[in-house]
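Results of the structural survey
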There are 2 protein chains.
Amino acid sequence: MELAKRRGFIWPSFEIYGGVAGFYDFGPLGALLKNKIIQKWREFYVVREGFFEIDSPSIVPEEVLKASGHVEHFVDAMVECQKCGAAFRVADLAREQAGKDIEGMTKEEMDRFVKGHKVRCPDCGGELGKIFDFNAMFRTAIGPGSQRVGYLRPETAQGIFIDFKRLQRHARGKLPFGVVQIGKGYRNEISPRQGIIRLREFTMAEAEVFFDPGDPHHPRFSELAGEQLRLWLAKDQEEGKEQLTEVTVEQAVKAKLVCNELMAYYLALTKRFLLDLGIPNEVIRFREQTPGQRAHYSSETWDAEVLTERFGWVEIAGLAYRTDYDLSRHAQFSGEDLTIFSADKKRKVLCHVVEPSYGIDRPLYCALEHAYVQEKKRKYFRLRKELAPIEVGIFPLLNRVGMPEKAQEVYGNLKLKGFMAEYDDAGSIGRRYARADEIGVPYCVTIDHETLKQNDVTIRHRDTTKQIRVDIEKLPDVLKKLLNDEIEFDKAGKPIETTSK
Amino acid sequence: MELAKRRGFIWPSFEIYGGVAGFYDFGPLGALLKNKIIQKWREFYVVREGFFEIDSPSIVPEEVLKASGHVEHFVDAMVECQKCGAAFRVADLAREQAGKDIEGMTKEEMDRFVKGHKVRCPDCGGELGKIFDFNAMFRTAIGPGSQRVGYLRPETAQGIFIDFKRLQRHARGKLPFGVVQIGKGYRNEISPRQGIIRLREFTMAEAEVFFDPGDPHHPRFSELAGEQLRLWLAKDQEEGKEQLTEVTVEQAVKAKLVCNELMAYYLALTKRFLLDLGIPNEVIRFREQTPGQRAHYSSETWDAEVLTERFGWVEIAGLAYRTDYDLSRHAQFSGEDLTIFSADKKRKVLCHVVEPSYGIDRPLYCALEHAYVQEKKRKYFRLRKELAPIEVGIFPLLNRVGMPEKAQEVYGNLKLKGFMAEYDDAGSIGRRYARADEIGVPYCVTIDHETLKQNDVTIRHRDTTKQIRVDIEKLPDVLKKLLNDEIEFDKAGKPIETTSK
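1. Topic: the overall build of chain A
Helix and strand content of chain A: 18 helices and 27 strands. By the compact-globule yardstick of 23 Å for 501 residues, chain A fits well, its C-alpha radius of gyration being 26 Å. For chain A, the C-alpha atoms occupy an extent of roughly 80 × 65 × 55 Å along the three principal directions. Across chain A, the fraction of contacts at a sequence separation of at least 24, relative to all contacts at a separation of at least 6, is 65%.

Below, the structure written as structure tokens:
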């Protein structure tokens, strides 16, 4: 985190005004990394799965969220200190002071728990008052006056459900079809104290897969049927067992461990996505939520969790079987008929929904943490090349004899060709390599004495620190192929001896 | 607009609940187009200009917006009907009922204008009350209770200004340097009635260029110095003259028509950006705001305007000389020293700012309107290839004899290679071409009888409707080169006769 802050990945928002808990900024490197993660997610869901992407407002009028159940159910059990008046989320205090997860409990059970475990105000030690529900949506008014209540969306999904009629026309009646939305989601946390893991404003990438409940098949199921999944079943959790159940996607469906093919397919796709972010298989598991933990709209939910050093197991995606809950509620509240004729089956159906819903901020954190490498001589983010915020560093060996001019020319040319390049002429070449390594730049190009004579440059590889020489004319092409893993580094140019710095 | 709605570019939000003025959704094609426009903007500002991108929250605590002046100045002159109670923005009524732009007037002048021109309630004809200021920020509360007031940001810029200390460290003291942010902005319009042109929630792409006020030079000024600009000067507007002043960027600076080199450079870059969206030069002008029209933070503002059929001249970017207004206000309100040592000049400076600030929704609308073509036999969006939401359509000529299977194979392969492809097997091939043309798909690939024999396909070009035959193995490569304008269509394969449908 120190490195991430110092080098411009993430830092607390509103710092010069003392900060506000639950808000983080993505700095110049963090924003680039975030864009690349979003891009990768789009490759999975929009390009390859062929899902439709939409973009709907983050402000939502109250009637939509009454229908969706969020006005009633999107609440946090809250408690105030009777001495100092500070407010807390009960579940946070229980976890911190009694080491227990009480998310599924009723308010009465929580009251008993707080008394039984002598949970106190963490600020002043005062006694806590009665537990009550706090709606965690940010409230606002649309237009002048306060007649029209609106909320900042707690999820992007509702924007998709209320557009269902237009979207199914776009799909020309074919089922299943998927729709995604990537954008901000909001949760007015009572008192967030876990840094980037518990944000009041976060980026979500949600997919809603609409299907005929009589036909929950994925057309390309066979492609992922053999993928191994590590499941932590609800019944094992309830019995206090830590053990995971390892099965293939196909076995999971056959043994009815997951509700249907679509859910199983997207569990596997989620695993593939996390692997592509550089998160190792050993630290990925899928935890089945117990009935008490599930959101009001879900009949089965799997959390994709990643083990981190700093925060333990972190939920980074939730895959929920939302059944026809949302469509039937919106049909009821809006008076619109949201059933459709399935093109293949020639009968009327109210679609069911499986929802793979991802946060973007948390996988970004996990990708950074798991890319962090401490070697003998250097500390750096060994980010996968396709995620590296800066793709190539350009360094003149010396700030004279024509090298800066030549280096600027190379730099300008690479930028014109679309490379995320950075120019650095400050300090020794060793310090510049170290600075570039630190932020995960996979390749650095140096313009030296020989460049001026024979028009070639060195390329240095971050992970091995090996160097090769390449003609300037071939540089963009070679870099592109290296970044796409189309050629091997050792064979991409004339290998040269690396001087250790 | 009918076509844009029907085919899934844009539609009013919350339709099944009767809609809410000032909110639009981007449908499956609109969201793709929007992403491509954002991508292009990033190419201009992040990749080529080398500006840093950051991503800060859309909820901003009140103290930041007190410092920025928005709590005081981000107001609309509003009036209520004394009969029916409906609320309106005074400037809208004046424009609609008296054909006059009164944006710069004081409240007293507006009161006189409304009386003098007998402006009435457009809903019921009732008399209007006294004019008063309405703060156009959406207000909310952060955390439980309403102790901590927050607003939805009216601009993304403030997130950049308050991060200035961290950002200048990232720039290692070099000036000028630029920072951008792309994200939602909000304006709680009183009664928006201009569709996608006046939104309450919109996407902005803003750049803040920090420079030493003693040295307002752009390092690559010469590259754009010769670009022609069409300026509508404030003095000409004040004298009621419609005439534009046509000058080069260099002349504009020399004749002091614009405040400095940086402003002139970014005017030219804005023009280049609009041209790249397919908006013709003849409908682009830069209007200098009169002193009464300028925002509180600006000492010179240029609006990039595009002429549209539906809405007349539309402002799609504002380039403001914000001087040191924001940094000095935040320094004063936060108590932080925001001066820096310029690395080159070795002296302390409080940076000045030139801000090129773009909307994304409006240029998207303009790009669509200007791409719309009505030919004898077809209506379609002749979008530039690089903006086309769907890059390639894949059609089996018939739904039998192995063609769908082969077409699915081609489709799957293109998606794996990252193409935005769409599969369509519904209706005659002519109807499918027409459907693809309509939404601007530049190339369509058809799998026919010959494909099954000799493993080649036809590619059809949207604009000319010409067709060529290409081997399936070469298809991805040929399509890529066609989309990048690296090869000519006629020479990319074996030309074939087109049967007119």
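There's more to say after this.
2. Notes on the sheet that holds strand β8 (residues 139–142) of chain A
All names here are of chain A. Strand order in this open sheet of three strands is β4-β9-β8, and the pairing throughout is antiparallel. Each having just a single partner strand, β4 (59–61) and β8 make up the two edges of the open sheet. Pairwise comparison of adjacent strand axes, ignoring direction, gives a mean angle of 45° for this sheet. Pairing geometry for β8 and strand β9 (residues 148–152), over four bridges, is antiparallel. Paired with A141 across the two strands is V149, which belongs to β9.

3. A few points about the domain arrangement of chain A
By convention, interface size is frequently given as the accessible area that disappears when the constituent parts associate. For chain A, the assigned domains read domain 1 (2–74 + 136–370), domain 2 (77–135) and domain 3 (390–496). Look at where the C-alpha atoms of domain 1 of chain A and domain 3 of chain A centre, and you get two points 40 Å apart.

4. Topic: the interface of chain A and chain B
Tallying the contact residues gives 57 residues for chain A and 57 residues for chain B. Per-class residue counts for the side of chain A that touches chain B are 28 nonpolar, 14 polar and 15 charged.

5. Topic: unusual backbone geometry
Note that the residue after L175 of chain A, namely P176 of chain A, is joined by a cis bond; omega there is -10°. By the secondary structure assignment, P176 of chain A is in the loop between α8 (164–170) and β10 (177–186). Backbone geometry at V401 of chain A places phi at a positive 45°, although glycine is not the residue there. You will see that N455 of chain B, though not glycine, has its phi angle at about 60°, which is positive. Its place among the elements puts N455 of chain B in the loop between α17 (449–454) and β25 (456–461).

6. Some thoughts on the relation of the copies chain A and chain B
Overlaying chain A on chain B yields an RMSD of 0.0 Å, the required transformation being a rotation through 180° with an accompanying axial translation of 0.0 Å. Both chain copies can therefore be described as sitting about a two-fold axis. Relative to the rotation axis, the C-alpha of T140 of chain A is the closest in chain A, positioned 2.6 Å from it. Mapped onto chain B, 100% of the interface residues of chain A are again interface residues, and the two copies thus contact each other with one and the same surface.

7. What to know about the confidence of the model for chain A
Overall, the prediction assigns chain A a mean pLDDT of 94, with 98% of residues at 70 or greater. Here the predicted complex carries an ipTM of 0.94, next to a pTM of 0.95.

8. Things to note about the sheet that holds strand β7 (residues 132–135) of chain B
Residue and element names in this part refer to chain B. The strand order across the open sheet formed by three strands is β6-β5-β7, and the pairing between neighbours is antiparallel. Of all the strands in the sheet, the pair left with one neighbour each is β6 (87–89) and β7. The sheet shows a mean angle of 50° between the axes of neighbouring strands, taken without regard to direction. Two strands pair when backbone bridges link them, and strand β5 (residues 75–80) and β7 are joined in this way by four bridges, in the antiparallel orientation. What sits directly across from A77, in β7, is D133. Where helix α5 (residues 90–98) meets the sheet, its contacts fall on β5 and β6, and the angle it forms with β6 comes to roughly 75°.

9. A word on the environment of I340 of chain A
All names here are of chain A. Locating I340 in the fold gives a position in strand β17 (residues 340–341). A tally of 21 C-beta atoms within 10 Å means that I340 is categorised as buried. Placed 72 residues apart in sequence, I340 and A268 show a C-alpha to C-alpha distance of 29 Å.

10. Some thoughts on helix α16 (residues 429–438) of chain B
Residues and elements named next belong to chain B. Turning to α16, its buried residues are R432, Y433, A436 and D437. Looking down the long axis of α16, one finds its buried residues gathered within 135° of arc, a one-sided arrangement. Every exposed residue of α16 that faces more than 90 degrees away from the buried side is listed here: G430 and R431. Looking at the buried positions of α16, the neighbouring elements they touch are β21 (379–381), β22 (392–396), β24 (443–447) and β25.

11. Notes on the pairing of strand β11 (residues 201–211) of chain B
Residue and element names in this part refer to chain B. For β11, the tally of buried residues reaches 11 of 11 residues, placing the bulk of the element in the interior. Of the two faces of β11, the one lined by E201, T203, A205, A207, V209 and F211 and the one lined by F202, M204, E206, E208 and F210 are each fully buried. Sheet topology note: the strand β10 (residues 177–186)/β11 ladder contains 10 bridges and is antiparallel. Opposite V179, over in β11, you have E208 as the bridge partner. Pairing of β11 with strand β19 (residues 352–359), which is carried by six bridges, proceeds in the antiparallel orientation. Bridging across to β19, A205 finds its partner in Y358.

What counts and what doesn't
- Residues numbered from 1 in each chain as written.
- Chains lettered and ligands numbered in written order.
- Predicted model: local features only at pLDDT ≥ 70, side-chain atom pairs only at ≥ 80, totals over all residues.
- Helix = DSSP H or I, 4+ residues; strand = E, 2+ residues; numbered from the N terminus.
- Rg over C-alpha atoms; globule rule 2.2 N^0.38 Å.
- Contact = placed C-beta atoms within 7 Å.
- Pairing = 2+ DSSP bridges.
- Axes fitted to C-alpha atoms, helices over the stretch in contact; angles between N-to-C directions.
- Domains from an automatic or database assignment.
- Nonpolar A, V, L, I, M, F, W, Y, C, P; charged D, E, K, R; others polar.
- Least-squares fit on C-alpha atoms with pLDDT ≥ 70 in both.
- pLDDT = per-residue confidence, 0-100.
- Buried ≥ 20, exposed ≤ 12 C-beta atoms within 10 Å, placed from the backbone.
- Arc of directions from axis to C-beta.

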